[in-house]
Structures are given as structure tokens and as C-alpha cells.
Amino acid sequence: KYLDISDESELKSLNLAQYLKNDAVIVLESCSTGKGGKTEENVANMIGIVFPNCMIFAPQEPTVAKNYIYDEKSRVIGVNYRCGVDKTYVIGLDK
């Protein structure tokens with residue numbers, strides 16, 4: 001089985017957000033999980049609904065994560081996907 005947008009209600013019913021800190025970072029490494037960005041139904045937006053207080057990084061095209069960008073406290077603050085920064089969808093950057 002794989003995770004897709006049809007899993008949203010099941011994941012919400014499990015109240016999984018209680019297991020993550022409010023400022024947790026989720027990095028999606030599966031191809032095109034952020035395709036279409038904010039205006040489309042995609043896995044990244046579904047994860048954003050299930051985990052509303054997290055920052056989420058997702059590629060908008062087929063790719064892999066080249067490396068992560070960390071701040072001085074070793075928190076992930078960015079992801080360099082091979083598809084490029086312009087194809088990286090970020091949820092929660094304003095937090």
C-alpha cells in the first residue's frame with residue numbers, strides 16, 4: 001500500500017499530529033508530492049491538513065533530495081531537490 005490523498009480522513013482520524021512538535025519539519029522525498037503547489041490536490045497539501053502546525057517541503061517534479069539546509073540549531077530550514085529550488089513547494093514557511 002502507498003500513501004495518497006485518499007488517505008486524508010483516515011490519517012486525520014488517527015490524530016497523528018499529537019505525536020509531533022508544533023514546529024516539526026516534514027520532508028517529502030517522493031516524486032511530485034507537491035505538484036501544482038497550493039492550488040492543487042497533492043500529497044503535500046494533504047499532509048499539511050493532517051499536520052497543520054508543521055513546515056513541509058515537497059518536490060513538484062520527479063526528483064530526489066540532494067541535501068538539506070540547516071540553521072545554527074541543526075533544524076532543517078530548506079531542502080535542495082535535484083529538480084531545483086523553483087520546483088520546491090513549501091508549506092508553513094511563514095511560521
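Calculation rules
- Residues numbered from 1 in each chain as written.
- Predicted model: local features only at pLDDT ≥ 70, side-chain atom pairs only at ≥ 80, totals over all residues.
- Heavy atoms only, no water.
- Helix = DSSP H or I, 4+ residues; strand = E, 2+ residues; numbered from the N terminus.
- Buried < 20%, exposed > 50% of the residue type's maximum accessible area, 1.4 Å probe, protein only.
- Contact = heavy atoms within 4.5 Å.
- Pairing = 2+ DSSP bridges.

Caption draft 1: Quick peek at unusual backbone geometry. The phi dihedral of Asn 15 falls on the positive side, at around 50°, and the residue is not glycine. Within the fold, Asn 15 resides in the loop between α1 (8-13) and β1 (25-27). Even without glycine at this site, Ser 32 takes up a positive phi of about 60°. Here Ser 32 shows up in the loop between β1 and α2 (43-50).

Caption draft 2: View of α2. Summarising burial for α2: seven of the eight residues are buried, a large majority. All buried positions along α2 are accounted for by Val 43, Ala 44, Asn 45, Met 46, Ile 47, Gly 48 and Val 50. Contacts from the buried residues of α2 go to α1, β1, β2 (55-59) and β5 (88-91).

Caption draft 3: Broad picture of the pairing of strand β4 (residues 76-81). As judged from the five bridges shared by strand β3 (residues 65-70) and β4, these two strands associate in the antiparallel manner. Across the sheet, the residue bridging to Tyr 68 is Val 79, located in β4.

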